[in-house]
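# Observations on the three-dimensional arrangement
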Amino acid sequence: MKKFFLLTLVIALYSCNGIAQKKEQKKTQDKFKVTKTDAEWKSQLSSDEYYVLRKAGTERPFSSPLNKNYKAGVYVCAACDTPLFKSEHKFDSGTGWPSFDREIKGNVAYGTDSNLGYTRDEEHCATCGGHLGHVFDDGPRNTTGKRHCINGVALKFIPKSE
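What this report covers is the structure whose coordinates are included nearby. (Residues numbered from 1 in each chain as written. Predicted model: local features only at pLDDT ≥ 70, side-chain atom pairs only at ≥ 80, totals over all residues. Heavy atoms only, no water.)

## A closer look at the side chain of arginine 147
Take arginine 147: it is sitting in strand E8 (residues 147–150). Assessed through its relative accessible area of 10%, arginine 147 is described here as buried. Discounting residues that sit within four places of it in the chain, arginine 147 has contacts with Phe91, Ser93, Thr95, Ser99, Phe100, His134, Val135, Phe136, Asp138 and Gly139. (Helix = DSSP H or I, 4+ residues; strand = E, 2+ residues; numbered from the N terminus. Buried < 20%, exposed > 50% of the residue type's maximum accessible area, 1.4 Å probe, protein only. Contact = heavy atoms within 4.5 Å.)

Take a look at the structure:
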């Protein structure tokens, strides 16, 4: 009888956890101004953009042409064109991904990511929820001390008009 009760309790707790996770996922999706179905995102984005922005993937280091882009302008979300980072806040971190010491306030949302077995601060576009990358505390000490390590495929660069 004890084994039956224990088994029933474990199944009930596991089932509740699954339902709670689904509700939390829906809540997160509903809080963004731009929302689309998975099929709509797939049709709008390239396979690499979809993998990074919608599935929280990571591009290979040193694969983005934006990593070594030093032109003046603004970096916007590849999914919804929200301005995310200014070129004057970009620096070469040597990590292989475009890095910035600060975001454009209000346009980047934050969450936590524990996929690698430890917790990291994850960054999303505040307008569409697209996964951008992560922020670390090993950036330039003479500015903010932050390193926003961003997947280049999650960004589009808009040059400053002369």
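## Description of the sheet that holds strand E3 (residues 90–91)
Pairing between the strands of a sheet comes from backbone hydrogen bonds, and it takes one of two forms, parallel or antiparallel. Ordered by their spatial adjacency, 6 strands build an open sheet running E3-E4-E8-E7-E6-E5, and the pairing between neighbours is antiparallel. Both outer strands of the open sheet, E3 and strand E5 (108–113), are each paired with one neighbouring strand and no more. Note: E5 against strand E6 (residues 120–125), 6 bridges, orientation antiparallel. Pairing of threonine 112 across the sheet is with aspartate 121, part of E6. (Pairing = 2+ DSSP bridges.)

## Observations regarding the environment of threonine 119
Within the secondary structure, threonine 119 is located in the loop between E5 and E6. Overall, threonine 119 belongs to the exposed group, its relative accessible area being 54%. Dropping the residues within four chain positions of it, threonine 119 is found in contact with Thr112, Asp113 and Ser114.

## Observations regarding the pairing of E6
Of all 6 residues in E6, 5 are buried, a share of seventy percent or more. Adjacent in sequence and paired antiparallel, E5 and E6 are bridged by 6 residues, among which glycine 117 carries a positive phi angle near 95 degrees. In this structure, E6 lies alongside strand E7 (residues 131–136), joined through 4 bridges in antiparallel fashion. Paired with glutamate 122 across the strands is histidine 134, a residue of E7. Linking E6 to E7, which pair antiparallel, is a turn of 5 residues; within it glycine 129 sits at a positive phi near 80 degrees.

## Notes on the packing of aromatic side chains
If you walk through the whole model with that rule in mind, you get 3 aromatic pairs. Here the aromatic rings of tyrosine 75 and phenylalanine 157 are separated by 4.8 Å at their centres, their planes lie at 50 degrees, and the arrangement is tilted. On the criterion of sequence distance, the pair formed by tyrosine 75 in strand E1 (residues 73–77) and phenylalanine 157 in strand E9 (residues 155–159) is long-range, its members being 82 residues apart. Note on phenylalanine 157: relative accessible area 18%, which makes it buried. A network of ring pairs unites the aromatic residues Tyr75, Phe85, Phe100 and Phe157 as a single cluster. Just above the ring of tryptophan 41 sits the side chain of lysine 36; from NZ or CZ to the centre is 5.1 Å. (Phe/Tyr/Trp six-rings, centres within 6.5 Å; stacked < 30°, edge-to-face > 60°. Lys NZ or Arg CZ within 6 Å of the ring centre and 35° of its normal.)

## What about the sheet that holds E9?
Sheet architecture is open: 3 strands sit in the order E2-E1-E9, paired in antiparallel fashion. The sheet terminates laterally at strand E2 (83–86) and E9, the two strands that pair on one side only. When strand polarity is set aside, the average angle formed by the axes of neighbouring strands in this sheet is 30 degrees. In this structure, E1 lies alongside E9, joined through 5 bridges in antiparallel fashion. Residue pairing in the sheet places cysteine 77 in a bridge with leucine 155 of E9. (Axes fitted to C-alpha atoms, helices over the stretch in contact; angles between N-to-C directions.)

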